[in-house]
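Overview (structure and organization)
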Amino acid sequence: MRSTVGPSVVQVQVDSDTARERVRVRGCARDLSKLADWDTFWKAAEANECRWSDGRRLVFDNRADGITADEVARALESLTA
């Protein structure tokens, strides 16, 4: 039997403080301008909303105290169920 898997969207949400700390720790040169003007960068990032309306949508809380790797794995496995 052949299974059909439709489109899925994985939307990751994070708060500004957690994102800034992760970008800072990452230490990439490409992030220096983001960190130099974080408020402007973050405002633009927040305005970039997900407009996908077809298929399944999974929303993950990626804050420091948010979803665990095991929870992500289980949720992704559910896409094929």
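Anyway, here's the lowdown on the structure attached to this text. Everything numeric in this text was worked out from a predicted model, so none of it was measured.

Quick notes on the packing of aromatic side chains
Evaluated as defined, the whole model comprises two aromatic pairs. Where W38 meets F41, the ring centres are 5.1 Å apart and the plane angle is 50 degrees; that geometry is what we call tilted. On the criterion of helical spacing, the pair formed by W38 and F41 is a turn pair, its members being three residues apart in helix α3 (residues 38-47). Exposure remark for F41: the relative accessible area of 29% places this residue in the partly exposed category. Seen from their ring centres, W38 and W42 are 5.7 Å apart, and the 15 degrees between their planes marks the pair as stacked. Of this pair, W38 and W42 both sit in helix α3, four residues apart, which is roughly one turn of the helix. Taken together, the ring pairs in this structure connect W38, F41 and W42 into an aromatic cluster.

A few points about the pattern of salt bridges
Here the structure, examined in full by the defined rule, presents five salt bridges. Note that E21 is salt-bridged to R24, the shortest N-O span being 2.5 Å. Linking E21 with R24, this pair stays in helix α1 (residues 16-26), spanning three residues, or about one helical turn. Residue D31 pairs with K34 through a salt bridge whose shortest N-O separation is 2.9 Å. Note on D31: relative accessible area 0%, which makes it buried.

Rules used in this analysis
- Residues numbered from 1 in each chain as written.
- Predicted model: local features only at pLDDT ≥ 70, side-chain atom pairs only at ≥ 80, totals over all residues.
- Heavy atoms only, no water.
- Phe/Tyr/Trp six-rings, centres within 6.5 Å; stacked < 30°, edge-to-face > 60°.
- Helix = DSSP H or I, 4+ residues; strand = E, 2+ residues; numbered from the N terminus.
- Buried < 20%, exposed > 50% of the residue type's maximum accessible area, 1.4 Å probe, protein only.
- Salt bridge = Lys/Arg side-chain N within 4 Å of Asp/Glu carboxyl O.

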